[in-house]
2 protein chains.
Amino acid sequence: MTASDDPGGTAHDWGSICNTRDLSRYVPFVAGGFHLGWIHRTRVGLVRAERVFTVLPDLVVLGEGLATPAQRTAAVAELAQRWRELGVVPGWRDELYDVVPYPGGPVVMRMERALTRLFGLINIGAHVNGYVRDGADVLMWVARRSPDKPTYPGLLDQMVAGGVIASMTPEAVARKEAWEEAGIGAGLIGPLRQTSAVTMFMEHGDVISRDFEHVFDLELPADFVPRPVDAEVAGFELYPVDKLLDVVTGSAEFKPDCNLVVLDFLIRHDHLRAGDPLYQQSVLGLRRGVL
Amino acid sequence: MTASDDPGGTAHDWGSICNTRDLSRYVPFVAGGFHLGWIHRTRVGLVRAERVFTVLPDLVVLGEGLATPAQRTAAVAELAQRWRELGVVPGWRDELYDVVPYPGGPVVMRMERALTRLFGLINIGAHVNGYVRDGADVLMWVARRSPDKPTYPGLLDQMVAGGVIASMTPEAVARKEAWEEAGIGAGLIGPLRQTSAVTMFMEHGDVISRDFEHVFDLELPADFVPRPVDAEVAGFELYPVDKLLDVVTGSAEFKPDCNLVVLDFLIRHDHLRAGDPLYQQSVLGLRRGVL
C-alpha cells in the first residue's frame, strides 16, 4: 500500500478496512471437498488453461482425480513453475505453506507461498509485539519494512513477524524470525507469551487477502535495542503508546494486518478503551473472522 | 441450561456451541430502518396481533409510522405490559436496555430487558474476571448463580457481571455490580482494566441469544474474599487455572457466554496455547462476531 491508497480522512477505521471486500468479483476455489479460497474472475482464464482444474460458471475445482494431499501438492507445484515463468506469480518465495479450509483444519495440500495470494487462501502467520515498560508507560518496538520487500515495502510492521511455513509451529516461527529479523536470541526471548490471534479478510488490489495471525507478546529489557539482521527490515523504531494510537487510528503507515495486531495489543493492554473514538469499530473488526 | 442440556462427550467446544443457530426458524426484526434482531416463527402470531407491527412473509417491521426512538420505546412499552400480563415475557426485570443494530450503533429505541430475548436483540454486558496471583500461578474467583435466577440458575458465572442498562457505561455497570454482587468497593476496584470483548450468537431453546460482553480484568489481593451481597449470587469459589481449564473445555458448568469470557481470559494470559486441544476452535469461536 502506498500513500495514494490512503483511505483519507482523519480517522482510519482499520477494523472495517481490513474486512472490506467485494466477493462478487471472485469465484470460490475448492479442493479435496473443501472451500479453500477465492480466485479473481480475471484469473479464471489462466486456470481454465490447466487441465488439472474443473472450471464451472461460478466455481473452480482442483483435480477431482487427485485423491491425496501429496498428489494435489505435486500437481500445483508443476503448474506454479510454468506460471512463474509466465510472470504471473509475483514475489516468489520458495516457501511451502499448508493449505487449510480453516485455521487448525486438515491440510488439503501444500503450496508455494507466493501462489496462495492468487487463490485467496488463508495465510497463517506469527507476529510478536515487542515492548518495554518505562514506569507506568509502555513503548513498542516496531519494524520499518525494507523498501525492497515484494509486498507492502516501506510500511511499519511488528518488531518480528513471519508466515508459518509448512510443518513449523507458530511459536517456532516466531523464535526463528526473532533471531533472523531482530537479532533476538533464545536467552532474551524466554517469556514469549501467546496472547491472541488476529484475523483479516480484505480485498487488496485484485486478490483476497485472508490472514490468521498468531500473536505473541514479548516484554523486553528497557535497554535492549533490536538490530536488523536480514534484509527484510530497514530499521526499528520505539513508539510510545500515544504515538502508536495516532498511527494505527489516523494513518496508513502500518501494513494492514499489522495495524490490527497493534489495535488488538492496545485493547488487551487497556490503552484503547470504550468511549475512545474507534474503540468499538476496532473491537468489532477484530471479531469478524476469516471465513 | 441444566445437566440434561449437556452436549455430552469429553470435550465441550464452547466456541462452536456459542455460535450455533438455525436462523431458518426465525424472521428478521426491523425498526427505524435497521435490522435489529430475530423473532422465532412461533411468535409471529403474537406479533401479528399488535397493530404496531407490519408482518411480511419473512420479516417483521416495527411501526413504520413511529419516527423517533421515544415513539418506538413508548409503543413497545405499552404492548410489553400486556404481554407480561399474558405471561409470555418470562423474567421481567424492570430494566431498560438500549436497542442497537450493532454494538456502538445508533439507539433505535429502549426496551425492557426481559423482552429483548423475544426479539433476538444484541445484549450488551460488562463482565469482570476477578483473579489473584500466587507466585507464578493464577487463580480466578467465580460466582455460583443463585438457584432462583430466571436464567441459567445454579451455573457458574464471572465474579462480577451485569447487563449494560440504558444510559450507563460498561465500566459504571462493572463497578456497580462489583459492589452489589461481591461487596467490592471503590478502594479495591481501582485498577479495573478493560481488556477484551466477547461475542456470542447462539440459539438457546426458542430464542436467539446475542451477547456483546465488555470484559474487564481485576487483580485482587491474595487475601481478599468476595462475599455475596444481593440475592443474585449463591456463593464464590476460587479456581486454579487447571481446574478452570477442565471446567470450560470439559463441562457445561458455566453459563455459555461466561464460559467464553473465561476461555478468552485463559488465551490472553497464555494459559491456553496453540497445540492445546480446543485452542484453535476456541480462538475461532471468539472471532465469530455478533451480526
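Residues numbered from 1 in each chain as written. Chains lettered and ligands numbered in written order. Predicted model: local features only at pLDDT ≥ 70, side-chain atom pairs only at ≥ 80, totals over all residues. Heavy atoms only, no water.

Visitor: Tell me about the overall build of chain A, residues and numbers included.
Guide: Along chain A, the regular secondary structure elements total eight helices and 13 strands. Out of the 291 residues in chain A, the part that is buried amounts to 58%. Of the roughly 11700 Å² of accessible surface on chain A, 53% is carried by carbon and sulfur atoms. (Helix = DSSP H or I, 4+ residues; strand = E, 2+ residues; numbered from the N terminus. Buried < 20%, exposed > 50% of the residue type's maximum accessible area, 1.4 Å probe, protein only. Areas by Shrake-Rupley, 256 points an atom, 1.4 Å probe, with all protein chains shown as cover.)

Visitor: Quick rundown of unusual backbone geometry? Include the residues and the values.
Guide: Residues and elements named next belong to chain B. Despite not being glycine, serine 167 shows a phi value in the positive range, around 80°. Residue classification places serine 167 among the exposed positions, given a relative accessible area of 64%. Despite not being glycine, aspartate 270 has its phi angle at roughly 65°, a positive value. Within the secondary structure, aspartate 270 sits in the loop between helix H7 (256–268) and helix H8 (279–285). By relative accessible area, which is 9% here, aspartate 270 ends up buried.

Visitor: Just give me the short version of helix H3 (residues 69–86) of chain A, but keep the residues and values in it.
Guide: Residue and element names in this part refer to chain A. Relative to the 26 Å expected for 18 residues at 1.5 Å per residue, H3 spans 26 Å between its end C-alpha atoms, a close match to the ideal helical length. Those residues of H3 lying buried are Arg72, Thr73, Ala75, Val76, Leu79, Ala80 and Trp83. Taken down its axis, H3 places every buried residue within 165° of arc, on the same side. Of the exposed residues in H3, the ones pointing more than 90 degrees away from its buried face are Ala70 and Glu85. (Expected span 1.5 Å × (residues − 1). Arc of directions from axis to C-beta.)

Visitor: Summarise the sheet that holds strand S1 (residues 26–31) of chain A; cite the residues concerned and give the values.
Guide: Residue and element names in this part refer to chain A. Strand order in the open sheet formed by four strands is S2-S1-S4-S3, and the pairing between neighbours is mixed. A single partner strand is all that each edge strand has here, and the edge strands are strand S2 (34–40) and strand S3 (53–56). Taking each pair of neighbouring strands and ignoring which way they run, the sheet shows an average axis angle of 25°. Bridging between S1 and strand S4 (residues 59–62) involves two bridges; their strand directions are parallel. Opposite phenylalanine 29, over in S4, you have valine 60 as the bridge partner. (Pairing = 2+ DSSP bridges. Axes fitted to C-alpha atoms, helices over the stretch in contact; angles between N-to-C directions.)

Visitor: Go over the domain arrangement of chain A, please, and point to the residues and values.
Guide: Residues and elements named next belong to chain A. Along its sequence, chain A is organised into domain 1 (23–121) and domain 2 (123–285). Between the C-alpha centres of domain 1 and domain 2 there is a distance of 28 Å. Of the residues lining the interface, 21 residues belong to domain 1; the matching set on domain 2 comes to 19 residues. Together, the buried faces of domain 1 and domain 2 total about 1800 Å²; carbon and sulfur atoms form 49% of this surface. Among the residues of domain 1 in contact with domain 2, Tyr26, Tyr97 and Arg117 are the three that bury the most area, contributing 31% of the side total. The interface formed by domain 1 and domain 2 contains two salt bridges. The partner of aspartate 206 in a salt bridge is arginine 43, and the shortest N-O contact between them spans 3.0 Å. At the boundary of domain 1 and domain 2, one finds nine residue pairs in polar contact (both at pLDDT 80 or more). A total of four residues in the side of domain 1 that touches domain 2 trace back to one element, the largest contributor, which is S2. (Domains from an automatic or database assignment. Contact = heavy atoms within 4.5 Å. Buried area = accessible area lost by both parts, 1.4 Å probe. Salt bridge = Lys/Arg side-chain N within 4 Å of Asp/Glu carboxyl O. Polar contact = N/O pair within 3.5 Å; in protein donor to acceptor, adjacent residues only side chain to side chain.)

Visitor: Tell me about the relation of the copies chain A and chain B, and name the residues and values.
Guide: With an RMSD of 0.0 Å, chain A superimposes on chain B once it is rotated by 180° and translated 0.0 Å along the axis. The relationship between the two copies is best expressed as a two-fold rotation axis. Identified as the residue of chain A closest to the rotation axis by C-alpha distance is arginine 287 of chain A, at 2.1 Å. A shared binding surface is used by both copies, with 100% of the interface residues of chain A retained as interface residues in chain B. (Least-squares fit on C-alpha atoms with pLDDT ≥ 70 in both.)

Visitor: Any chance you could break down the interface of chain A and chain B for me, citing the residues and the numbers?
Guide: Listed by partner, the interface residues are 24 residues for chain A and 24 residues for chain B. For the pair chain A and chain B, the two sides together bury roughly 2200 Å², of which 52% comes from carbon and sulfur. The three residues of chain A that bury the most area against chain B are Gln194, Gln280 and Arg287 of chain A, which together make up 29% of that side's buried surface. On inspection of chain A and its partner chain B, the count reaches zero salt bridges. Where chain A packs against chain B, one counts twelve residue pairs in polar contact (both at pLDDT 80 or more). Elements that contribute at least two residues to the side of chain A that touches chain B include exactly strand S11 (193–204), strand S12 (207–219), helix H7 (256–268) and helix H8 (279–285) of chain A. Ranked by the residues each element gives to the side of chain A that touches chain B, the list is headed by S11 of chain A, at five residues. The residue inventory of the side of chain A that touches chain B, partitioned by class, reads ten nonpolar, eight polar and six charged. (Nonpolar A, V, L, I, M, F, W, Y, C, P; charged D, E, K, R; others polar.)

Visitor: Describe in detail the side chain of glutamate 177 of chain B, supporting the description with residues and values.
Guide: With respect to the helices and strands, glutamate 177 of chain B occurs in helix H5 (residues 170–182). Given a relative accessible area of 10%, glutamate 177 of chain B falls into the buried group.

Visitor: Break down the UniProt feature "domain: Nudix hydrolase" (unreviewed entry) in chain A for me, citing the residues and quoting the values.
Guide: Per the UniProt annotation, the sites labelled "domain: Nudix hydrolase" (unreviewed entry) are residues 123–264 of chain A. In residues 123–264 of chain A, the share of helix is 23% and the share of strand is 43%. The end C-alpha atoms are 19 Å apart. (UniProt positions renumbered as here; feature names shortened; annotations may be inferred.)

Visitor: Go over the sheet that holds strand S3 (residues 53–56) of chain B with me, naming the residues and quoting the values.
Guide: Residues and elements named next belong to chain B. Here four strands make up an open sheet; going across it, the order is S2-S1-S4-S3 and the pairing mixed. Pairing within the sheet leaves two strands with one partner each, and these edge strands are strand S2 (34–40) and S3. Across this sheet, the average inter-strand angle for adjacent strands is 25°, counted without regard to direction.

Visitor: I'd love a proper account of empty space enclosed by the protein, names of residues and values included.
Guide: Over the atoms rolls a probe the size of a water molecule, and in doing so it shows where empty space is left. Applying the stated rule across the entire model yields three cavities of 30 Å³ or more. As a volume, the largest cavity reaches approximately 120 Å³. Taken together, 16 residues line the largest cavity, and the ones lying closest to its centre are Ser196 and Arg287 of chain A together with Ser196, Asp264 and Arg287 of chain B. Within the residue set of the lining of the largest cavity, elements represented by two or more residues are S11 and H7 of chain A together with strand S11 (193–204) and H7 of chain B. Considered class by class, the residues forming the lining of the largest cavity number six nonpolar, four polar and six charged. (1 Å grid on protein atoms, 1.4 Å probe; cavity = no way out; pocket = protein on both sides within 12 Å on 5 of 7 lines; lining within 4 Å. Points joined across faces, edges and corners; volume = space filled by probe spheres on them.)

Visitor: Go over helix H3 (residues 69–86) of chain B, please, and point to the residues and values.
Guide: Note on helix geometry: an α-helix contains 3.6 residues per turn, so any two residues three or four positions apart are oriented the same way. Looking at the buried positions of H3 of chain B, the neighbouring elements they touch are strand S1 (26–31), helix H2 (44–48), S3, strand S4 (59–62), strand S6 (109–112) and helix H4 (113–116) of chain B. Phi turns positive one or two residues past the end of H3 of chain B, at glycine 87 of chain B, with a value near 85°.

Visitor: Can you explain the pattern of salt bridges? Please cite residues and give values.
Guide: All names here are of chain A. This model, assessed by the stated rule, comprises 40 salt bridges over all chains. A salt bridge links arginine 175 to glutamate 171; its shortest N-O distance comes to 3.1 Å. One end of the pair is arginine 175 and the other is glutamate 171, both in helix H5 (residues 170–182) and four residues apart, which spans about a single turn. Given a relative accessible area of 30%, arginine 175 falls into the partly exposed group.

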